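# A structural walkthrough
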Amino acid sequence: MNDVHSQANPRPVDDHYDAIILGAGISGLVAASILSAKGDRVLVADNYDHVGGNHMDWTSPEGYTFDVGSLIFQDDSPLVRHFPELLTHYVPVSPSWGRLNPQGKITAYPISIRDDILAAGPVGLMKIFSSVLFARLFSRKLRNARDFAQFWIGPYLLRRSGLEAYMTRFYGLPAEEIDLELARKRMLWISEYASVRNLIRHALKKKTAKSPTNRQMVRPQSGFSSLYEAAVTKLDGRGVRFRLSAQLQAVEKTANGFTVAFPERNVTASRIISTIPIHVSEQLCGLPSKAELRTITLISLYFSFDGRRGFPQTILYNFSHSGLWKRLTVYSDFYGRVREREYFAVEVIGGAEYSVAQAERDFRSHVSNNGLFSGDLKLEGSQILESAYPIYNHGAADRATEATRRLRAFGIESIGRQGQFTYQPTARVSTIEVEAALSQRK
Ligand SMILES: Cc1cc2nc3c(=O)[nH]c(=O)nc-3n(C[C@H](O)[C@H](O)[C@H](O)COP(=O)(O)OP(=O)(O)OC[C@H]3O[C@@H](n4cnc5c(N)ncnc54)[C@H](O)[C@@H]3O)c2cc1C
């Protein structure tokens, strides 16, 4: 077990804390920031050997650093309010987003009026509009994400745009098995795009987009460690202790709070805030796990490339009807090429079903068929991330709410993307949700 900064900080160690935070991801760091700012003595424990949670990188033997996923941050994120020192470490970038549509065209993300609608031609346009009209007039009760998307854009455009294929790829389930509530919350943009007024506005919009009011940023070229080291140093200065590579064994309720058992010793706290997966908290507390919450395993493939790239965007989504990969991010657009080679990461959902070799084979054949990379494509490495995203099959959100309620009855405050079993697309959302959760406590 590593006690980060325990040598740098000579304060005598007292094994009682006001709060123990389980998990040192963004939610854990923000929770530690909030509590330590009001003077609480805090311990943060994580079984990873680093802070930052799923903000994870991997460096190839030749020294190029890749990330699990595509991680973009903004300088107006509330995370930066907690840790303004992060700002000097981030690298400002100007990313662009595109999408491969089922017709093999590189086009706008998430939908293009020109390429997805107008390019369908007169017959296609008739089919799009009649399918929307039919769906709006005759759709039964909406029961799942597919019903929701069909209601707004009709079954014909849902398939033609590749949105249905992408939903399956993203959520790890066919659209008809995805919970309606998730669709309502996370796919609002579909209804916004599909309103007649907005469609006209998008179609007439001048090409000169408004310049963004915030700055997009990525982690330092060397990886996340120097970035989050700055957050750890700040928290350490407020007396927050960190235990990394920690093996949590049990959480017991006592008359005065809780005892958390580590292999070496027990630590006590008045309060436990958990950002780790719900079923892990349940096991630690000895509670029966009834929730059956499934998560997606993500394979990240790290490539280098020398040749002709068939798209200009930094981040490309796969909306075509085939191919296992979901999204790719060209890191060398941010950090520069090495010996003329480009570097990028590819995310493949379904890591539990496919091997890395299968994912790589499928990617190579798909991008070759679509003219995305012609030249020398070399797999530099890969990583597998478990619990990357929650799988929202029917009733999952209700089961998660019920499970967090049971944990709450035991005394555990379960928050964050894993602790709430919620899809948090950005560190911004994670920060806002932790702030809200901690401010609700009397
Ligand atoms: C592929 C991908 C791409 C993303 N892209 C972006 C992006 O571009 N921009 C952005 O802002 N955000 C992005 N995010 C979202 C962002 O990563 C989340 O907002 C953030 O990770 C949530 O932090 P968290 O602390 O709630 O969860 P996590 O990061 O999952 O942290 C949970 C922590 O709990 C720990 N833990 C689990 N089990 C145990 C145990 N038994 N004992 C001790 N510790 C345990 C884990 O090790 C981990 O450190 C992305 C996420 C993913 C997965």
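Right, let's walk through the structure included here. The structure displayed is predicted, hence computed values, not measured ones.

### Some remarks on the pairing of strand S16 (residues 315-318)
Side chains Ile315 and Tyr317 project from S16 onto one buried face, and the interleaved Leu316 and Asn318 project onto a second face that is buried too. Pairing between strand S8 (residues 97-100) and S16: four bridges, direction parallel. What sits directly across from leucine 100, in S16, is asparagine 318. Pairing of S16 with strand S17 (residues 325-330), which is carried by three bridges, proceeds in the antiparallel orientation. Each bridged residue has a counterpart across the sheet, and for leucine 316 the counterpart in S17 is leucine 328. Joining the antiparallel neighbours S16 and S17 is a turn of six residues, in which glycine 323 adopts a positive phi near 95°.

### A few points about the sheet that holds strand S18 (residues 342-349)
The strand order S9-S8-S16-S17-S18-S15-S19 describes an open sheet built from seven strands, whose pairing is mixed. Each of the sheet's edge strands pairs with one partner strand only, and the pair in question is strand S9 (106-108) and strand S19 (373-390). The sheet shows a mean angle of 25° between the axes of neighbouring strands, direction not considered. Here strand S15 (residues 295-309) pairs with S18 via eight bridges, running antiparallel. What sits directly across from isoleucine 299, in S18, is valine 348. Of the strands in this sheet, S15, S16, S17, S18 and S19 touch helix H6 (residues 163-171), which is tilted by about 80° from S17. Sitting on the sheet, helix H13 (residues 356-369) is in contact with S8, S15, S16, S17, S18 and S19, with an inclination near 130° to S19.

### Section: the pattern of salt bridges
Counting across every chain of the model gives 24 salt bridges. One salt bridge connects aspartate 40 with lysine 38, and the closest N-O pair in it is separated by 3.3 Å. Taking relative accessible area as the criterion, lysine 38 reaches 55% and is therefore assigned exposed. Here glutamate 164 makes a salt bridge to arginine 146, at a shortest N to O gap of 2.6 Å. Of the two residues, glutamate 164 is situated in helix H6 and arginine 146 in helix H5 (residues 145-160); the sequence distance between them amounts to 18 residues. Residues participating in the shared-partner salt-bridge network are Arg309, Asp333, Arg337 and Glu342.

### Observations regarding the packing of aromatic side chains
Taken as a whole, this structure holds 32 aromatic pairs when the rule is applied. Here the aromatic rings of phenylalanine 73 and phenylalanine 224 are separated by 6.4 Å at their centres, their planes lie at 90°, and the arrangement is edge-to-face. Residue phenylalanine 73 is found in strand S6 (residues 73-74), and its partner phenylalanine 224 is found in the loop between strand S10 (216-218) and helix H10 (225-237); the two are separated by 151 residues along the sequence. Between phenylalanine 363 and phenylalanine 373, the aromatic rings sit 6.3 Å apart at their centres with planes inclined by 50°, giving tilted as the arrangement. In this pair, phenylalanine 363 is assigned in helix H13 and phenylalanine 373 in strand S19, connecting sequence segments 10 residues apart. Under the relative-accessibility criterion, phenylalanine 363 is labelled buried at 0%. According to the relative accessible area criterion, phenylalanine 373 is buried, its value standing at 8%.

### Here's the deal with the pairing of strand S14 (residues 266-274)
One ladder, built from six bridges, connects strand S2 (residues 16-22) with S14; its direction is parallel. By the bridge assignment, leucine 22 is partnered in S14 with serine 274. Two elements, strand S13 (residues 257-261) and S14, share four bridges in a ladder whose sense is antiparallel. Paired with alanine 261 across the two strands is asparagine 266, which belongs to S14. Linkage of S13 to S14, two consecutive antiparallel strands, is achieved through a turn of four residues. Where S14 lies against strand S20 (residues 412-414), three bridges are found, and the strand directions are parallel. Opposite isoleucine 273, over in S20, you have glutamate 413 as the bridge partner.

### Examining the site of the ligand
Around the ligand sit 33 residues, and of these Ser27, Asp46, Ser70, Ala427 and Ser430 come closest. Interatomic distance of 2.6 Å between a side-chain N/O atom of serine 27 and an oxygen atom of the ligand. For the ligand, an oxygen atom lies 2.7 Å from a polar atom in the side chain of glutamine 418. Elements with a contribution of two residues or more to the shell around the ligand: helix H1 (26-37), S19, helix H15 (416-419) and helix H16 (427-439). Here the element with the most residues in the shell around the ligand is H15; it accounts for three residues. A per-class count over the shell around the ligand returns 14 nonpolar, 15 polar and four charged.

Thresholds applied
Residues numbered from 1 in each chain as written. Predicted model: local features only at pLDDT ≥ 70, side-chain atom pairs only at ≥ 80, totals over all residues. Heavy atoms only, no water. Buried < 20%, exposed > 50% of the residue type's maximum accessible area, 1.4 Å probe, protein only. Helix = DSSP H or I, 4+ residues; strand = E, 2+ residues; numbered from the N terminus. Pairing = 2+ DSSP bridges. Axes fitted to C-alpha atoms, helices over the stretch in contact; angles between N-to-C directions. Contact = heavy atoms within 4.5 Å. Salt bridge = Lys/Arg side-chain N within 4 Å of Asp/Glu carboxyl O. Phe/Tyr/Trp six-rings, centres within 6.5 Å; stacked < 30°, edge-to-face > 60°. Near = heavy atom within 4 Å. Polar contact = N/O pair within 3.5 Å; in protein donor to acceptor, adjacent residues only side chain to side chain. Nonpolar A, V, L, I, M, F, W, Y, C, P; charged D, E, K, R; others polar.

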